[in-house]
Structure formats: C-alpha cells, structure tokens
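Structural overview for review
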Amino acid sequence: MSVERNEGAVSRFVERFAAQLTEAGMQRMASRVFAQLLASDGGAMTSAELGEALRISPAAVSGAVSYLTQVNMVSREREPGSRRDRYVLHNELWYETFTRRDQALTLFEKTLREGAAGLGAGSPAGARVAETAAFFEFLQHEMHGLMDRWRDHRATLDLP
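One structure accompanies this document, and this report is about it.

Cut-offs and rules
- Residues numbered from 1 in each chain as written.
- Predicted model: local features only at pLDDT ≥ 70, side-chain atom pairs only at ≥ 80, totals over all residues.
- Heavy atoms only, no water.
- Phe/Tyr/Trp six-rings, centres within 6.5 Å; stacked < 30°, edge-to-face > 60°.
- Helix = DSSP H or I, 4+ residues; strand = E, 2+ residues; numbered from the N terminus.
- Buried < 20%, exposed > 50% of the residue type's maximum accessible area, 1.4 Å probe, protein only.
- Patch = residues over 30% accessible without salt bridge, like charges linked within 9 Å, V, L, I, M, F, W, Y side chains within 5 Å.
- Areas by Shrake-Rupley, 256 points an atom, 1.4 Å probe, with all protein chains shown as cover.
- Salt bridge = Lys/Arg side-chain N within 4 Å of Asp/Glu carboxyl O.

On inspection of all chains with the given rule, the structure shows three aromatic pairs. On the basis of an interplanar angle of 10 degrees and a centroid distance of 5.8 Å, the ring pair of Phe 13 and Phe 17 is categorised as stacked. Here the residue Phe 13 and the residue Phe 17 both occupy positions in helix α1 (residues 7-23), the gap between them amounting to four residues, near one helical turn. Given a relative accessible area of 37%, Phe 13 falls into the partly exposed group. A centroid spacing of 5.7 Å and a plane angle of 55 degrees characterise the contact between Phe 108 and Phe 136, whose relative ring orientation is tilted. Taken together, the positions of Phe 108 in helix α5 (residues 93-119) and Phe 136 in helix α6 (residues 124-156) put the pair 28 residues apart, joining distant regions of the chain. Within the aromatic cluster, the residues linked to one another by ring pairs are Phe 108, Phe 135 and Phe 136.

In structure tokens:
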C-alpha cells in the first residue's frame, strides 16, 4: 500500500524542526539539511536533491553537510554506478549521538575532578567544580540506564 506524502506538511515539518534544532544550538543550514534528510523516506539524498527540496545553493548544502559529517550525524556515500555523492543519516542516529556525548562527559568529569583537587575541596571554587563533576558522573550513570531501557523499549515498538 502506498502512502501519499503531503509535501506542504513535509515542508512545514522540516522548517519547524530545523528551527527547533537551530534554537538548541545547531547551525541553521545544517539543521535544515538534517531535518530534510530525516523527512526523506530513504534517509539519504544527493546534494542536488537537498538543494532543490530546500531551495538552497550547492555551497549551502556543502557547508551544512560538512558540519553534519564532522559531528557524525550523516555520512557521505557514493551512488552506485555514479560519481555523485549521497548524504545518509546514520542508523541509530540518536543512540550514537548520546553515546558520543557520554564519552565527552567522561572526559569532562575527569578534568573537573582534577580541577577540584587543584582548587582545594574547601574553597568555594573547588566545591563548585566538585559538584559539577558529581553532576556529570550522575548524568553518565543515568544515561547508561536510559540507553538500556531505550533498547528494550525499541524492541517492543512496531517500527519497520
């Protein structure tokens, strides 16, 4: 059974979600390209397809894709039998994103603990930095449990 796409609704979704990503700190054009890829049935598009769908220049697509590739949200693949690249969303994108964030939290926590020791645990700055380290430690612990619960929950969903 084929499902009809409402292109107007798709476009509104792309722009709305892109605006939310931009407000959360992502580059504006990267947000739009990411949202467009997310809304595509195949999760992959060429530069020309992205430019046409978003009405942006090839240079804008290139800059956005460079950013998204750098932060590991998309990858570049060669179209079979062609010299054109396709930009593809990673599988389990959100899981991978949060896993990488966890690695950063580990590094932050280590640096913060060292900083707290150097500042002196009894000083106001040392106590503030130690509390920040404890927060990151707590966040990491909760994140591991959350990811485990997500995998269990995802298995119960009726998703393709």
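More follows now that the structure is in view.
Attention now goes to a nonpolar patch on the surface. Residues Trp 150, Leu 157 and Leu 159 make up a contiguous nonpolar surface patch of roughly 270 Å² in combined accessible area. Here Leu 157 is to be found in the segment after α6. What makes Leu 157 partly exposed here is its relative accessible area of 32%.

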